[in-house]
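Spelled out, the chains give:
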Amino acid sequence: MSSFLVAFVLLCLGLNLPGFGDAGNESFVFSGFPAGGADADLITLDGDGTVTGEGLLELTNNETDSKGHAFYRNPVQFKDSSNGTVQSFSVAFVFAIMSAYSDFSSDGMAFVIAPGKDFSNASGAQYLGLGLLNSTTSSNNGPSSDHFFAVELDTIKNNEFHDIDANHVGVDINALSSVYSHTAAFHDETDDGALTTFSLISSHGKAMQAWVDYDGQSKQLNVTLAPMGVTKPSKPLLSNTTDLSPVITDDKAFVGFSGATGPGGSQHCVLAWSFAVNGPAPPIDFTKIPKLPNSNSNSNSNSSHHHEAAGGVKGLEIGLPIAAFVFILTTCITAILLVRRHLTYAELREDWEVEFGPHRFSYKDLFQATEGFKSKHLLGAGGFGKVYKGVLPNSGTEVAVKRVSHDSSQGLREFISEVVSIGHLRHRNLVQLLGYCRRKHRELLLVYDYMPNASLDKYLYGEDDKPLLEWAQRLQIVKDVASGLFYLHEKWEQVVVHRDVKASNVLLDGAMVAHLGDFGLARLYDHGADLQTTHVVGTMGYIAPELARTGKASPLTDVYAFGTFLLEVTCGRRPVLVDTVHHGRKLLVDRVLECWHRGSLEETVDSRLQGNYNVDEARMVLMLGLMCSHPFPGERPTMRQVMQYLDGDTPLPELTPADMSLLSLMQNQTSFDQAALQYPWSGSSMGTMTTPDISCGR
């Protein structure tokens, strides 16, 4: 009889005991996770998952690239063996996502139902410790496949998963691209059920609540959120019909949580958790849940009133100085942290920045757009920094973010030059500057239109498996770049000398329209004035002789570089060629000139075209390239004349060997000033040229 009474009492109280329940009618509740408590062995942890001394179930440890899991030890009977369908279940949990910053945290956490609990092969960061599962064996220790159900709480917008924003809840089925999602919010029943958004990032020690309810008969899945202290809203945030029977493939599955961080450290914690099959989740005892590390509890503030008077006086004598010291110390630490945070995110703004138009981006937006400047988004690197592909979190616009190197000796000057010069420029054949971000510690970022077809040189030289450009495409690209240069030299309010015209600085958009970019070396001055420069910069093979000799840049030095560019596009060769016979190097213009003298100019056309080109057009472009490459600037055409030649408005002058004799001096004439006609093939100086300013022609 006594045994029967004990069993009866346990049956009545069973719903409040973790892990207790009949098969197919299971339930448990954790109102906190006391370390070493009676229920501690009911939770299986891996990775950085741990139970803190305060009773928090911690999934990540506030470090970067942290990953952790916590699963209920025993599998749950989800399927009704009679019909093989998933039964109704209900989940309630209290969670917190804590970050050093109120508006940024990475990456997120999730409630998970999976066939196994071994996620050691899963990736962290944006994969939340769930993606890229490699286990293929079915057992209680590992997923039998990639089948899983998860409700994610995500604070980073990952475009590869089509996230809606950087503060959302989503339902994931067998993949991390949510089948449906919503910005974190709840229906406030104190305000007629108005939908009120809130941040998933905990602030001021405030945790949040989440509920997941599934009806096995109607297949209705509801997800509800609310801040701590708010009664569960009657209207869920997400509500859709979803059949989980094909997802939870085995009769039994494991339930638990997963969390991961990426480039920014955060703590993902569970404070309480209840679960039930075929019934509501048992109520959580909120008086027992642990406090967050930065929360202040006054629950025991009245206990001192019961002390004896003498003890109270003595307590004041000891306590007041300690309290004052703690208060002062806390104030100082808080002030230091606030100052450090301000310095970390502080952005410089000087007078010159007010004078131009581009939009200023926040570092947070650019960080999220590039997923923390991950290497997988790297588009390229040059002498002035790296360029990353990004997607702006609010608009979804694809952009290119140029991050100027910290060790770039002239980074600040080049940055200011680029912003000031192209901030106002508007032309279909120039890369558009969308905005910028300037931070302290010399961190400089520029945001451009993204060009999906990369740079022209990759097509000319077959890099990255780019297809061969047909002649018609090459001719149009030449015209596009000429149009952009003509605008810079004559059509804008000031003269802009680009100083670095070359194939790698010509970018192609989705329609293969060419855009001249990288204005880091550009100089501008008023029409009718003269540009005075003494520092030679550029790329070997494109530098005009007078620029190497005098250090003076002008629109005609751009024309010289454009001439080399014309030959490069037509011949499909780099401007500096390797001479295997004489074990040296020579200019592409020399080879074209030699063939012109022999009357075999067509031999220089890119052989990969296999003769599929317009001979007259190719000859015209090659001759124009030689004209633009004339050693004397006064003999070169202007970009206005170049446009007229390319458009057929003006016939190209018929050149004779006598007209081109000066060009031949570039090869043979020793009495001519060699500084004007040759280039330093070693790293030695020429005039005021310094090695860091010169890059090899590519």
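Note that the structure is a prediction, hence the values are computed from the model and not measured.

A. Molecular detail of unusual backbone geometry. With an omega of -10°, the peptide bond between serine 106 and aspartate 107 qualifies as cis. Even without being a glycine, glutamate 371 presents a positive backbone phi close to 55°. Here glutamate 371 shows up in the loop between helix H3 (363-369) and strand E21 (378-382). Glutamate 371 sits in the buried class, given a relative accessible area of 9%. Its identity as a non-glycine residue notwithstanding, alanine 454 has a phi of 65°, on the positive side.

B. Spotlight on the pattern of salt bridges. Evaluation of the coordinates by the stated rule reveals 15 salt bridges. The salt bridge partner of glutamate 398 is lysine 389, with a shortest N-O separation of 3.2 Å. When the shortest N-O distance is used, the salt bridge between glutamate 490 and arginine 640 registers 2.9 Å. Taken together, the positions of glutamate 490 in helix H6 (residues 471-491) and arginine 640 in helix H11 (residues 639-647) put the pair 150 residues apart, joining distant regions of the chain. You can call arginine 640 partly exposed: its relative accessible area is 39%. Taken together, the shared-partner salt bridges in this structure form one network comprising Lys458, Glu463 and Arg574.

C. Seen up close, helix H10 (residues 615-628). For H10, spanning 14 residues, the distance from its first C-alpha to its last is 20 Å, which sits close to the expected 20 Å at 1.5 Å a residue. Across the 14 residues of H10, 10 count as buried, placing the element largely inside the fold. Within H10 the residues assigned to the buried category are Ala618, Met620, Val621, Leu622, Met623, Leu624, Gly625, Leu626, Met627 and Cys628. A distance of 3.1 Å separates the backbone nitrogen of aspartate 616 from a side-chain oxygen at the start of H10, and that oxygen is part of asparagine 614.

D. Inspection of a nonpolar patch on the surface at higher detail. A cluster of nonpolar residues, Ile322, Phe325, Val326, Leu329, Ile333 and Leu337, forms a patch on the protein surface that exposes about 560 Å² of accessible area. With respect to the secondary-structure elements, valine 326 resides in helix H2 (residues 309-345).

E. Looking closely at the packing of aromatic side chains. Inspection of every chain in the model, using the stated rule, returns 25 aromatic pairs. Relative to tyrosine 388, the ring of phenylalanine 373 lies with its centre 5.3 Å away and its plane at 75°, an arrangement referred to as edge-to-face. Separated by 15 residues along the polypeptide, phenylalanine 373 in the loop between H3 and E21 and tyrosine 388 in strand E22 (residues 385-391) bring together distant segments of the chain. With a relative accessible area of 7%, phenylalanine 373 lands in the buried category. The exposure class assigned to tyrosine 388 is buried, which follows from its relative accessible area of 8%. A cation over an aromatic ring shows up here: arginine 403 above the ring of phenylalanine 373, its NZ or CZ 4.0 Å from the ring centre.

F. Geometry of the side chain of aspartate 154. Following the sequence through the fold, aspartate 154 ends up in strand E10 (residues 149-154). Although aspartate 154 is buried, it makes no salt bridge; lysine 374 carries the closest opposite charge, 11 Å away. Of note is the side chain of aspartate 154, whose polar atom sits 3.0 Å from the backbone nitrogen of isoleucine 156.

G. Fine view of the pairing of strand E11 (residues 168-173). Buried residues dominate E11, accounting for 6 of its 6 residues. By the alternation rule, side chains of E11 split into His168, Gly170 and Asp172 and Val169, Val171 and Ile173, which are all buried. Pairing of E10 with E11, which is carried by 6 bridges, proceeds in the antiparallel orientation. Across the sheet, glutamate 152 pairs through a bridge with glycine 170, a residue of E11. Inspection of the sheet shows E11 paired to strand E12 (residues 180-183) by 4 bridges, in the antiparallel sense. Its bridge partner being in E12, valine 169 is matched across the sheet by histidine 182. Counting the residues between successive antiparallel strands, the hairpin from E11 to E12 contains 6 residues, one of them, asparagine 174, with a positive phi of roughly 65°.

Reading the values: rules and limits
Residues numbered from 1 in each chain as written. Predicted model: local features only at pLDDT ≥ 70, side-chain atom pairs only at ≥ 80, totals over all residues. Heavy atoms only, no water. Helix = DSSP H or I, 4+ residues; strand = E, 2+ residues; numbered from the N terminus. Buried < 20%, exposed > 50% of the residue type's maximum accessible area, 1.4 Å probe, protein only. Salt bridge = Lys/Arg side-chain N within 4 Å of Asp/Glu carboxyl O. Expected span 1.5 Å × (residues − 1). Polar contact = N/O pair within 3.5 Å; in protein donor to acceptor, adjacent residues only side chain to side chain. Patch = residues over 30% accessible without salt bridge, like charges linked within 9 Å, V, L, I, M, F, W, Y side chains within 5 Å. Areas by Shrake-Rupley, 256 points an atom, 1.4 Å probe, with all protein chains shown as cover. Phe/Tyr/Trp six-rings, centres within 6.5 Å; stacked < 30°, edge-to-face > 60°. Lys NZ or Arg CZ within 6 Å of the ring centre and 35° of its normal. Lys, Arg positive; Asp, Glu negative; His and termini not counted. Pairing = 2+ DSSP bridges.

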